[in-house]
Amino acid sequence: MLTEVLLALAIIGIVLTSLFSLQSTVLTRIAGTSGKIIRFLAAENFLIDTRQKLLAQESGQMTQEKKITDPAAMIRYQAKNIIQEGYFKKTPGIVQEEMEITWKDGRSTRSEFIVTLLYKPEKKSKKTQTA
């Protein structure tokens, strides 16, 4: 009877050890994915706010940085006018937006890079509208 109890305890120990290991892995991955989602939502909000500032100003050039604390990340935004050559020759006012999100992941530094194109029409002056 003692061997049956020891065998049952060994089987329960093996099963519970693998279940606890699986649960630990799942929780770690959920926390990592949650951090990525929060970072990308913060980056999207920063992109929208910065894009509104870019559209309000006259030039198509802008550089800004933002540091978020929870989860820790650095967001860099840069907008620049595209050279009017090739495909972009017929459509002036195209601005290239670049955004980089950088964060520490354990011992390594991870980063994501986003590039978008934005059409920013040139503002006409009041003198040309009345003529």
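Just above, that's the structure.
Each value, and the rule that gives it
Residues numbered from 1 in each chain as written. Predicted model: local features only at pLDDT ≥ 70, side-chain atom pairs only at ≥ 80, totals over all residues. Heavy atoms only, no water. Pairing = 2+ DSSP bridges. Helix = DSSP H or I, 4+ residues; strand = E, 2+ residues; numbered from the N terminus. Axes fitted to C-alpha atoms, helices over the stretch in contact; angles between N-to-C directions.

Trainee: Can you walk me through the pairing of strand E1 (residues 62–68) in this structure?
Mentor: Successive side chains on a regular strand alternate, one facing one side of the sheet and the next facing the other. In this sheet, strand E2 (residues 73–81) lies alongside E1 in antiparallel orientation, the contact comprising seven bridges. Each bridged residue has a counterpart across the sheet, and for Glu-65 the counterpart in E2 is Arg-76. Count of turn residues in the E1/E2 antiparallel hairpin: four residues.

Trainee: Could you clarify how one ought to interpret the sheet that holds E1 in this entry?
Mentor: By way of backbone hydrogen bonds, the strands of a sheet pair with one another, either parallel or antiparallel. A sheet is described by the order of its strands in space; here four strands give the open sequence E1-E2-E3-E4, paired in antiparallel fashion. Every other strand in the sheet has two partners, leaving E1 and strand E4 (108–119) as the edge strands with one partner each. Neighbour-to-neighbour, the strand axes of the sheet open up by a mean angle of 15°, direction not taken into account. Sheet analysis places strand E3 (residues 94–105) next to E4, joined by 12 bridges and oriented antiparallel.

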